[in-house]
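Topology and contacts: notes
One-letter residues, chain by chain:
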Amino acid sequence: MTIFHGGRRRAALALALSGVLALTATACGDDGSGTGGDKGTEGSGKGKITFWDNNGGVRTEVWKEIIADFEKANPDIDVEYVGVASKEVQSKYDTAIQGGGLPDVGGVGAAMLAGIAAQNALEPLDARIDGSSLKGKLNAGMVASVKSAGGQDKLFTVPTSASNGVLYYRTDLFEAAGLEEPSTWSKFYAAAEKLTAADKNRFGYTIRGGAGSIAQALDAVYGQSGITSFWNGDKTTVNDPKNVAALEKYAGLFKRTTPAADVNNDFTKMVAQWDSGQIGMLNHNLGSYKDHVKALGTEKFRGIPNPTLDDGTRVQVSNPVDGLGLFSSSRNKAAAWKFIEFAASHESNSKWNESAGAIPANTEAAADPWLQKAEPTKLGADVLFSGKATIVELPYYLPDWNTISKADNEPAFQKVLLGKSTAKEFLDHLAEQLNAAQAEWKQQNK
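To start, this report covers the structure provided alongside it. Everything numeric in this text was worked out from a predicted model, so none of it was measured. (Residues numbered from 1 in each chain as written. Predicted model: local features only at pLDDT ≥ 70, side-chain atom pairs only at ≥ 80, totals over all residues. Heavy atoms only, no water.)

With that settled, the discussion passes to the sheet that holds strand β13 (residues 359-360). Strand-to-strand pairing in sheets goes through backbone hydrogen bonds, with the strands running parallel or antiparallel. A sheet is described by the order of its strands in space; here six strands give the open sequence β2-β1-β3-β12-β4-β13, paired in mixed fashion. Single-partner strands in this sheet number two, and they are β2 (77-83) and β13. Here strand β1 (residues 47-53) pairs with β2 via seven bridges, running parallel. In the sheet register, I49 faces β2, and the bridge partner there is V79. The sheet contacts of helix α6 (residues 140-150) involve β4 (158-162) and β13, and relative to β4 the element is tilted by about 115°. (Pairing = 2+ DSSP bridges. Helix = DSSP H or I, 4+ residues; strand = E, 2+ residues; numbered from the N terminus. Contact = heavy atoms within 4.5 Å. Axes fitted to C-alpha atoms, helices over the stretch in contact; angles between N-to-C directions.)

Okay, structure coming up:
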């Protein structure tokens, strides 16, 4: 198969975008003309700024609350909210970087951070944090993760939250079937089989086959293989024989213990399907916890960290830390930074993460009482920060990571589910792309 190296892909992207610039008309700070590499200005610290929410719709309500709080505390600053769906935000940023219309502030997850930073679109924030009320108040692990993800040893976003892989399971269905909690992979597979009665439209598991499928599949693969590093020297371990065997077993659940519709399901459809139907288990992250509570209450399900091996060994892949970036093209960086500082402060960060069921980056927010009451979030925080797991760090620092793990390979994973490709073919091709991207990145960063 043809491998498009990162430089050629980015050049092709820029060329393709030049034909659609007329479609880009989203306003930014003052005049909407900001592009990647534009140096912008500090501005007056007053007036209008634009904020892009990278999970628009899902988190719109809580962001509007935070914006209202900010505008009350800063009456001379007006924040324009723009909600962008998570599956569209990468292309929207790329288009604006090339043609203008970048916001002043935007939500930028670690998975897309390197690609945006490589185009000089984000302001390094190390000095601003050191001179602000956030100094010493951000979780050190999340700061390190974001700095690594940027690929330049600089902090290009202020971390706001982290998530964790969660296995949600229906306690009522498990109890009725006499099943133990699916705390190990062997118990997970046994439960998936026992809870399935396809003729009655009951299934043991719902698998993610649509948008966002790759990260979830890799979490299941490394969790079962027990391999503890994404790289072995300059080569990825993704196609190690143990990982191939793990993916064969995991993908083999499709249509046998899962609905056939799963091949196209993104997280929204998958979560809605689990909440409304008779499906035993769902893998997602902490972000859907509140949805499950609304649909099921707290008595019919639990959310636990992803399964361990039978001996208790826990390996999981890293979840991207979310954050807020200050775009270099902003004409009002002073006001934009005030908003970021406010949004990442104790009260705002606690409010946002409680709404999302995520783990706060602000250390004071992480000590708030609600975290102890939200069981999946508490368990996830324990796993992430108390040394109970080996975390396989995904290479977010590669500018091509987001493209490789989404557009390039989500359709290929669907072919595995449908039996049109093998797990080995899929992982070998993924490894080929990753090894090429890693070699290019090392060459550029000598």
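Let's pick the thread back up.
Spatial strand order, β6-β9-β5-β10: four strands in an open sheet with mixed pairing. This sheet does not close on itself; its edge strands, each paired only once, are β6 (203-206) and β10 (301-305). Shown here is a sheet whose adjacent strand axes are inclined to one another by a mean of 20°, direction ignored. When strand β5 (residues 165-170) meets strand β9 (residues 279-285), the two strands line up antiparallel, connected through five bridges. If you follow Y169 over to β9, its bridge partner there is M281. Contacts between helix α12 (residues 289-296) and the sheet are confined to β5, β9 and β10, with β10 contributing the most and set at about 160° to the helix.

What the rule picks out here adds up to 16 salt bridges. As a salt-bridge pair, E65 and K351 come within 4.0 Å of each other at their nearest N and O atoms. Note that E65 is positioned in helix α2 (residues 60-73) and K351 in helix α14 (residues 346-356), a separation of 286 residues in sequence. You can call E65 partly exposed: its relative accessible area is 36%. With its nearest N and O atoms 2.4 Å apart, the salt bridge here joins E181 to R302. Within this pair, whereas E181 is found in the loop between α7 (171-177) and α8 (185-194), its partner R302 is found in strand β10, the two being separated by 121 residues in sequence. Judged by its relative accessible area of 25%, R302 falls in the partly exposed class. Among the ionic contacts, a cluster of salt bridges with common partners joins E42, E123, R128 and K333. (Salt bridge = Lys/Arg side-chain N within 4 Å of Asp/Glu carboxyl O. Buried < 20%, exposed > 50% of the residue type's maximum accessible area, 1.4 Å probe, protein only.)

In terms of residue burial, β5 counts as a mostly covered element, since six of its six residues are buried. The alternating pattern of β5 places G165, L167 and Y169 and V166, Y168 and R170 on opposite faces, both of which are buried. Two strands pair when backbone bridges link them, and β5 and β10 are joined in this way by five bridges, in the antiparallel orientation. Residue pairing for β10: L167 is matched across the bridge by I304.

Turning our attention to the packing of aromatic side chains. Enumeration over the complete set of coordinates arrives at 25 aromatic pairs. Between Y169 and F174, the aromatic rings sit 4.9 Å apart at their centres with planes inclined by 65°, giving edge-to-face as the arrangement. Each of the two residues, Y169 as well as F174, counts as buried. On the basis of an interplanar angle of 80° and a centroid distance of 5.5 Å, the ring pair of F230 and W231 is categorised as edge-to-face. Note on accessibility: F230 and W231 belong to one class, buried. An aromatic cluster is built from F51, W63, F70, Y81, F339, F342 and W352, whose rings are joined through pairwise contacts. Here K249 stacks its cationic end above the ring of Y189, 4.4 Å away from the centre of that ring. (Phe/Tyr/Trp six-rings, centres within 6.5 Å; stacked < 30°, edge-to-face > 60°. Lys NZ or Arg CZ within 6 Å of the ring centre and 35° of its normal.)

Here we come to helix α10 (residues 241-251). One turn of an α-helix holds 3.6 residues; hence residues three or four places apart share an orientation. Considered for burial, the residues of α10 that qualify are N243, V244, A246, L247, Y250 and A251. Along the axis of α10, the buried positions cluster into a sector of 165°, meaning they face one direction only. Facing away from the buried side of α10 by over 90 degrees, the exposed positions are P241 and K242. On its buried face, α10 is in contact with α8, β6, α9 (213-225), α18 (410-417) and α19 (423-444). (Arc of directions from axis to C-beta.)

The next thing to look at is unusual backbone geometry. The phi angle of most residues is negative, glycine excepted, and most peptide bonds adopt the trans form. You will see that D153, though not glycine, has its phi angle at about 60°, which is positive. Its place among the elements puts D153 in the loop between α6 and β4. The phi dihedral of N201 is positive, around 60°, even though this residue is not glycine. Looking at the secondary structure, you find N201 in the loop between α8 and β6. Judged by its relative accessible area of 55%, N201 falls in the exposed class.

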